[in-house]
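# Topology and contacts: notes
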Amino acid sequence: MRIGDAAAAAGTTPRALRFYEQRGLLPPPARTASGQREYGPGEVAKVRLIRQLLAAGLTVDDLASRAHRFDLLDEDPPRRCGTNPGPETFAPVVFARLAALDAEIARLTGLRDKLARLAATGGADEPGED
């Protein structure tokens with residue numbers, strides 16, 4: 001199927017498919033004699049997987065570092081991150097992203113607490129607070 005049909009089947013846009021290809025998440029697709037991209041069901045499934053992983057909080061860079069191992073996620077059942085967490089699995093990427101999210105949550109919680117204190121005191125900083 002052509003790029004527009006493949007994008008629609010995967011729930012995304014042709015631009016996203018080109019972007020995933022440029023960033024190494026998708027291998028270059030087969031081309032027709034006229035040079036148009038051709039996608040099959042396997043590529044559509046991979047795009048759906050990419051979109052699920054991005055929606056779960058992983059970044060494009062996270063996925064690009066493991067794009068060559070998307071096959072691990074095609075296993076039935078999919079391999080768990082904590083099972084045999086070698087450097088070629090998704091476990092290091094997932095655990096690093098979890099740590100980054102935890103750090104960002106802590107930072108945002110601190111900002112929220114500071115703002116709540118400012119609101120409670122009418123905008124006056126408490127002594128010793130930065």
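Please refer to the structure higher up on the page.
Predicted model only: the values in this text are computed from it and were never measured. (Residues numbered from 1 in each chain as written. Predicted model: local features only at pLDDT ≥ 70, side-chain atom pairs only at ≥ 80, totals over all residues. Heavy atoms only, no water.)

### Examining a nonpolar patch on the surface
- Taken together, the side chains of Phe 95, Leu 98, Leu 101 and Ile 105 present a nonpolar region at the surface, about 370 Å² in accessible area.
- Along the polypeptide, Leu 98 turns up in helix H5 (residues 91-120). (Patch = residues over 30% accessible without salt bridge, like charges linked within 9 Å, V, L, I, M, F, W, Y side chains within 5 Å. Areas by Shrake-Rupley, 256 points an atom, 1.4 Å probe, with all protein chains shown as cover. Salt bridge = Lys/Arg side-chain N within 4 Å of Asp/Glu carboxyl O. Helix = DSSP H or I, 4+ residues; strand = E, 2+ residues; numbered from the N terminus.)

### Some thoughts on the pattern of salt bridges
- One pass over the full model with this rule turns up 5 salt bridges.
- Ionic pairing is found between Glu 21 and Arg 37, a salt bridge with its closest N-O pair at 2.9 Å. Linking Glu 21 in helix H2 (residues 14-22) with Arg 37 in strand E2 (residues 37-38), this pair joins segments that are 16 residues apart in sequence. Like Glu 21, the residue Arg 37 is buried in the burial classification.
- The residue Arg 107 makes a salt bridge to Glu 104 at a minimum N-O spacing of 2.7 Å. Taken together, the residues Arg 107 and Glu 104, both in helix H5 and 3 residues apart, mark about one turn of the helix. (Buried < 20%, exposed > 50% of the residue type's maximum accessible area, 1.4 Å probe, protein only.)

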